[in-house]
Amino acid sequence: MLPTLRQLQYLKLLAEHASFSRAAEAAHVSQPALSAGVQELEKILGAPVVERTRGNVQLTAVGAEAVRRAEDVLARTEDLVEAAKNAGKPLSGRFRLGVIPTVAPFLLPTKLPGIKLAYPALRLFIREDLTPRLIAGLKAGQLDAAVIALPYSASGVDHARIGDDEILAAAPAGHALAGTGPIPAGSLKAEDLILLEDGHCLRDQALAAFDIDPPKGDDVFAATSLHTLVQMVSAGLGVSFLPEMAVRAGLADMPGVVVRPIAARAPRREIVVAWRTGSSRAAEARLLAEALTLD
């Protein structure tokens with residue numbers, strides 16, 4: 001006997017919610033029905049998949065491996081259903097798109113109206129999040145595609161190019177770096193920098209491009225968004241990095257903020273639409289990348 005999709009779905013929900021009652025609610029079944037499905041799965045696998053203790057549900061090693069494989073099976077099955085529903089109708093029906101925070105507010109407002117006009121049957125659901133969680137969402141079948149920035153190492157993911165986005169420097173007016181023209185090599189120092197919090201790929205890409213170690217210490221300021229970062233630069237707290245698309249959108253149009261290119265060979269990040277390798281919606285993700293191409 002082989003596990004059924006329903007049994008795999010029960011196990012996946014149990015892993016997500018760590019509770020039989022909440023997993024049953026998410027599956028729209030009774031708790032006894034879900035529990036029976038998990039027990040039947042254990043019989044088929046010949047090993048327990050969860051440890052049942054009072055008030056706590058924890059996966060066994062077999063259960064964790066089963067969930068990892070179940071996510072791929074369920075994602076491919078959902079792909080099959082969506083592909084069948086929308087056969088011959090590209091970019092129609094539900095499409096779940098993830099976007100990183102340093103791209104979403106500057107790219108989507110200008111591009112989504114045209115996409116809606118070109119593909120009126122498309123129901124686009126947007127999720128803004130950091131790259132690692134978006135990649136995990138792609139692999140788990142929770143997202144159909146994601147707009148991310150390269151370089152970023154991720155196996156099992158394909159991508160199509162949207163365009164390049166130059167990384168610029170933003171300095172407070174009156175700062176030694178608030179001049180004109182490209183900033184000379186070696187002028188940026190770690191102690192001058194204020195950055196996005198750890199986990200934002202823009203932070204890592206900018207530091208790597210200039211071979212700068214991130215500032216260290218408990219008193220280092222780390223912003224949760226580019227908007228906060230620009231306000232801190234305006235207040236004279238330090239120098240930072242901004243993507244060109246954000247500057248074009250007017251993010252740096254604040255008193256006391258001076259934006260400069262960095263060196264003659266400016267560092268850039270490549271913006272792409274990524275999808276899980278083997279996804280049946282790969283062709284649609286490529287179409288979306290074309291529609292989102294940077295001007």
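**Focus on the overall build of the protein chain**
In terms of helices and strands, the protein chain carries 10 helices and 11 strands. With respect to the principal axes defined by its C-alpha atoms, the protein chain has extents near 70 × 50 × 30 Å. Counting all 295 residues of the protein chain, 45% fall into the buried class. Here the contacts in the protein chain between residues at least 6 apart in sequence split such that 73% fall between residues at least 24 apart. If you sum the accessible surface of the protein chain, you get close to 14800 Å²; carbon and sulfur atoms cover 53% of it. In the protein chain, which carries 31 positive and 33 negative side-chain charges, the distance between the mean positions of the two groups comes to 6 Å.

**Thoughts on the pairing of strand E9 (residues 240-243)**
Side-chain alternation along E9 places Ser 240 and Leu 242 on one buried face and Phe 241 and Pro 243 on a second face that is also buried. Pairing of strand E6 (residues 157-172) with E9 involves four bridges; the strand directions are antiparallel. Opposite Ile 167, over in E9, you have Pro 243 as the bridge partner.

**Notes on the pattern of salt bridges**
Using the criterion set out here, one finds 14 salt bridges in the structure. For Arg 248, the salt bridge is made with Glu 244, and the minimal N-O distance between the two is 3.3 Å. Taken as a pair, Arg 248 and Glu 244 lie in helix H9 (residues 244-248) at a separation of four residues, close to a single helical turn. Residues joined in a network through salt bridges with shared partners are Arg 96, Asp 144, Arg 281 and Glu 284.

**Concerning helix H8 (residues 226-234)**
Along H8, the residues classified as buried are Leu 226, Leu 229, Val 230, Met 232 and Val 233. End-on view of H8: buried residues confined to an arc of 160°, all on one side of the axis.

**Here's the deal with the nonpolar core**
Core analysis: the largest hydrophobic core is formed by 67 residues, its most contacted members being Val 147, Ile 148, Leu 226, Phe 241 and Val 273. In terms of residue count, the dominant contributor to this core is E6 (seven residues). When near neighbours in sequence (up to four residues on either side) are disregarded, Val 273 contacts Ala 145, Ala 146, Val 147, Asp 158, His 159, Ala 160, Ile 162, Ala 285, Ala 289 and Leu 292. One finds Phe 20, Ala 23, Ala 27 and Val 57 within the second-largest nonpolar core, a separate group that totals 18 residues.

Thresholds applied
- Residues numbered from 1 in each chain as written.
- Predicted model: local features only at pLDDT ≥ 70, side-chain atom pairs only at ≥ 80, totals over all residues.
- Heavy atoms only, no water.
- Helix = DSSP H or I, 4+ residues; strand = E, 2+ residues; numbered from the N terminus.
- Buried < 20%, exposed > 50% of the residue type's maximum accessible area, 1.4 Å probe, protein only.
- Contact = heavy atoms within 4.5 Å.
- Areas by Shrake-Rupley, 256 points an atom, 1.4 Å probe, with all protein chains shown as cover.
- Lys, Arg positive; Asp, Glu negative; His and termini not counted.
- Charge placed at Lys NZ, Arg CZ, Asp CG, Glu CD.
- Pairing = 2+ DSSP bridges.
- Salt bridge = Lys/Arg side-chain N within 4 Å of Asp/Glu carboxyl O.
- Arc of directions from axis to C-beta.
- Core = buried A, V, L, I, M, F, W, Y, C linked by side-chain atoms within 4.5 Å.

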